[in-house]
Amino acid sequence: MDVSHILVGGLTAISIALLVWIEIRSRRNAAAPEQTPALVDSNEAQPAPQERDRTRQRRQ
């Protein structure tokens, strides 16, 4: 085998591995918001309406 064939094969393998890695990261990032909506709906994420009114009164 010629050195150029080895170089092309190596660069091709690296390119395919990079594309696969990017695709996996993309799918994980797309799936992450679907798994965490329960955190947004919890009582800890948003203060009770009474607490918001009290903070508004203090600021004025």
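Read on for an overview of the structure.

Conventions and cut-offs
- Residues numbered from 1 in each chain as written.
- Predicted model: local features only at pLDDT ≥ 70, side-chain atom pairs only at ≥ 80, totals over all residues.
- Heavy atoms only, no water.
- Helix = DSSP H or I, 4+ residues; strand = E, 2+ residues; numbered from the N terminus.
- Buried < 20%, exposed > 50% of the residue type's maximum accessible area, 1.4 Å probe, protein only.
- Areas by Shrake-Rupley, 256 points an atom, 1.4 Å probe, with all protein chains shown as cover.
- Salt bridge = Lys/Arg side-chain N within 4 Å of Asp/Glu carboxyl O.

It is worth spelling out the overall build of the protein chain at this point. Along its length, the protein chain carries three helices and zero strands. Shown N-terminal to C-terminal, the secondary structure of the protein chain runs as helices and strands in the order α-α-α. Here the protein chain, with 60 residues, has 0% of them falling under the buried criterion. As displayed, the protein chain offers around 6,000 Å² of accessible surface, 58% of which is attributable to carbon and sulfur atoms.

Once that is clear, we can look at the pattern of salt bridges. Enumeration over the complete set of coordinates arrives at one salt bridge. A salt bridge links Arg27 to Glu23; the nearest nitrogen and oxygen atoms lie 2.8 Å apart. Residue Arg27 and its partner Glu23 are located together in helix 1 (residues 3-35), separated by four residues, close to a single helical turn.

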